[in-house]
Amino acid sequence: MTAFAAIIFLFAASCENHPEDTGGLFYYSESDGSKEKVKTTADWEKKRQQILEGMEEAMGELPSFSDLPVFNLKIQDSVKEGLYMRYTIHFSVAEDETLPAYLYVPHKADIERKFPAILALHGTGELGKQLVDGKSPQANRALAKELAERGYVVIAPDYPSMGELLDYNFETDRYVSATMKAIFNHMRCVDLLQSRPDVDPERIGVIGHSLGGHNAMFVGAFDPRLKVIVASCGWTLMDYYDIGEEGSKKYGGRLGPWAQDRYMPSLRDKYELDGDRFPFDFDGVIAALAPRHFFSNSPVNDSNFDVDGVREGLATASEVYRFMGAEKNLQVRYPDAGHDFPKEVRSEAYRFIDTVFGHRPNDQEIE
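Note that the coordinates shown come from a computational prediction; the quantities given were computed from them, not determined experimentally.

(A) Examining the overall build of the chain more closely. Looking only at helices and strands, the chain has 10 helices and 11 strands in total. Scored against the burial criterion, the 367 residues of the chain give a buried share of 56%. Put simply, of all contacts in the chain between residues at least 6 apart along the chain, 70% involve residues at least 24 apart. As presented, the chain carries roughly 15900 Å² of accessible surface, and 47% of it is formed by carbon and sulfur atoms.

What follows is the structure, given as structure tokens:
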């Protein structure tokens, strides 16, 4: 079955069901604890807010964005490439909180031109943002560099405990989880992009692989300014999550990796690694993105994120997209690959972003 045929099959199968058959996603809670069926877009907005509240139960509350300091952006260095400048920057995201990032700015003849922009999130690795700049020991990870070559303004921050934040101290920060710290950082990256005169504030998206994949989904759920979300090898339903035998032993069980200090320790401390008690799951995260554009790269041999859980989660989330008349905005590819973002699928993801933003990319081939 071709990738396109697989997408058609997914939506055809999901359309055989009715919203009331898809479980919790089409029911929201009233203040008295009663359950009501989602019948209108206003009802869905109540449900969507409750999905976000469930995420906050696990991740901690999203901090306030009022009374934030100025960015105080400092350029550490710059590198001129053929199609863009890459700046290493540090900027203030909150009082006493500085975020290091790469900022890619296309060369341009007309200073008045506004470009689409992308938040590019790296996977797990000590190199942090360098991974999406082509420095990864693994192929198919240079997301930021490739999108800059296509004519996007791109920002690629470090995740806490990686890159220039390698020595990040989770015990002394103000966050319940590193996941929420990252969401806040990433939303501040969107603030920075929107503040730039060369960025179209209505054409900003996010992309990430692995760790960056689910962080793209998380920030997308909380930040509606992100109009397109691309997640590669970033998720499966919690019931299907598997890090492999060695990883399970190391972290305390099948769901243990999610409870590391650099992710969501409350899943261990509060929910005792019992997936049935977790206050959110990935089908809900995807539903919270609707009707915006979401693209998932989900290889059939991904040892971290079981493809069967992806298929089940998308079948459920697609009902929400169908309810909102946005079925075509939800896309998935199932390459015959492992935990990877193959060139062909990456090219499709980039074209997906181009189409959403009406962007004509520079004539570049992915290496």
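(B) Quick peek at the pattern of salt bridges. Considering all chains together, one arrives at 21 salt bridges under this definition. Between Asp191 and Arg188 there is a salt bridge, with the nearest N and O atoms lying 3.1 Å from each other. On the criterion of helical spacing, the pair formed by Asp191 and Arg188 is a turn pair, its members being 3 residues apart in helix α4 (residues 178–195). Taken individually, Asp191 and Arg188 each receive the classification buried, so the pair is uniform in this respect. The salt bridge involving Asp198 is made with Arg196; its shortest N-O contact spans 2.9 Å. Overall, Arg196 belongs to the partly exposed group, its relative accessible area being 22%. Each of Arg188, Asp191, Asp223 and Arg225 takes part in salt bridges that share partners, so that together they form one network.

(C) Structural detail: a negative patch on the surface. Among the surface-exposed residues, Asp239, Asp274, Asp276, Asp308 and Glu312 lie close enough to one another that they form a single negatively charged patch. Residue position: Asp274 is located in the loop between α7 (266–269) and α8 (282–289). You can call Asp274 partly exposed: its relative accessible area is 31%.

(D) View of helix α10 (residues 343–357). In a regular helix each residue adds 1.5 Å, so 15 residues correspond to 21 Å; α10 covers 21 Å between its end C-alpha atoms and thus fits that length. Residues of α10 that are buried in the fold lie against β6 (115–121), α3 (143–149), β8 (199–209), β9 (226–232), β10 (293–297) and β11 (330–333). Count one or two residues on from α10 and you reach Gly358, which has phi positive near 60°.

About the criteria used
- Residues numbered from 1 in each chain as written.
- Predicted model: local features only at pLDDT ≥ 70, side-chain atom pairs only at ≥ 80, totals over all residues.
- Heavy atoms only, no water.
- Helix = DSSP H or I, 4+ residues; strand = E, 2+ residues; numbered from the N terminus.
- Buried < 20%, exposed > 50% of the residue type's maximum accessible area, 1.4 Å probe, protein only.
- Contact = heavy atoms within 4.5 Å.
- Areas by Shrake-Rupley, 256 points an atom, 1.4 Å probe, with all protein chains shown as cover.
- Salt bridge = Lys/Arg side-chain N within 4 Å of Asp/Glu carboxyl O.
- Patch = residues over 30% accessible without salt bridge, like charges linked within 9 Å, V, L, I, M, F, W, Y side chains within 5 Å.
- Lys, Arg positive; Asp, Glu negative; His and termini not counted.
- Charge placed at Lys NZ, Arg CZ, Asp CG, Glu CD.
- Expected span 1.5 Å × (residues − 1).

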